[in-house]
Amino acid sequence: ATMSSLELINPNAEHISKTQALLINMAAAKGLQAVLRSNLGPKGTLKMLVGGAGQIKLTKDGNTLLHEMQIQHPTATLIARAATATDDTVGDG
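Within every chain, residues take consecutive numbers counted from 1 along the sequence as written. Under the rules for a predicted model, residues below a pLDDT of 70 receive no local features and side-chain atom pairs below 80 are neither given nor counted, while totals for whole chains, interfaces and linings still include all residues. For side-chain calculations, the full set of non-hydrogen atoms in the structure is used, while hydrogens and water are omitted.

*Asks:* Help me understand the overall build of the protein chain in this model?
*Replies:* Looking only at helices and strands, one finds four helices and two strands in the protein chain. When its helices and strands are written in sequence order, the protein chain yields α-α-β-β-α-α. Only the C-alpha atoms count toward the radius of gyration. The rule for a globule is 2.2 Å times the residue count to the power 0.38. The C-alpha atoms of the protein chain give a radius of gyration of 18 Å, which is well past the 12 Å a tight globule of 93 residues would have. Dimensions along the principal axes, computed over C-alpha positions, put the protein chain at roughly 60 × 30 × 25 Å. Buried means the residue's accessible area, taken with a 1.4 Å probe over protein chains only, is under 20% of the maximum for its type, while exposed means over 50%, and partly exposed covers the values in between. Within the span of the protein chain, comprising 93 residues, buried residues form 17% of the whole. Should any heavy atoms of two residues lie within 4.5 Å, those residues are counted as being in contact. Across the protein chain, the fraction of contacts at a sequence separation of at least 24, relative to all contacts at a separation of at least 6, is 28%. Note on areas: these come from Shrake-Rupley sampling with a 1.4 Å probe, and a residue is covered only by the protein chains present in the view. Accessible surface, the protein chain: about 7,200 Å² in total, of which carbon and sulfur atoms supply 59%. A residue counts as positive if it is Lys or Arg and as negative if it is Asp or Glu; His and the chain ends are not included. Positions of charges follow a simple convention, taking NZ of Lys, CZ of Arg, CG of Asp or CD of Glu. Between the centroid of the 8 positive side chains of the protein chain and the centroid of its 7 negative side chains there is a distance of 10 Å. In DSSP terms, a helix is any run of H or I states spanning at least four residues, a strand is any run of E spanning at least two, and both are numbered starting from the N terminus.

What is shown is where atoms sit, not what they do.
Next up, the structure:
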């Protein structure tokens with residue numbers, strides 16, 4: 001049997017359909033949205049960020065939150081980087 005190019009590069013890679021990939025990416029974006037939604041507006045809540053050495057930071061700022069979060073999903077990371085770059089450049093993400 002012939003191997004696909006993906007199997008040659010990484011034989012342990014998962015194969016998923018376009019629809020499954022889209023659903024996974026949408027779930028990642030919605031997860032990021034859920035975290036940030038409660039930060040917005042005058043009734044936004046403070047988030048407590050705890051660093052690896054135990055340092056604590058309280059913030060309501062979405063840009064700070066996105067910079068400090070350790071996001072694992074590639075799509076969520078892309079969205080976070082775009083938002084922080086916009087905020088860093090023009091002052092509003």
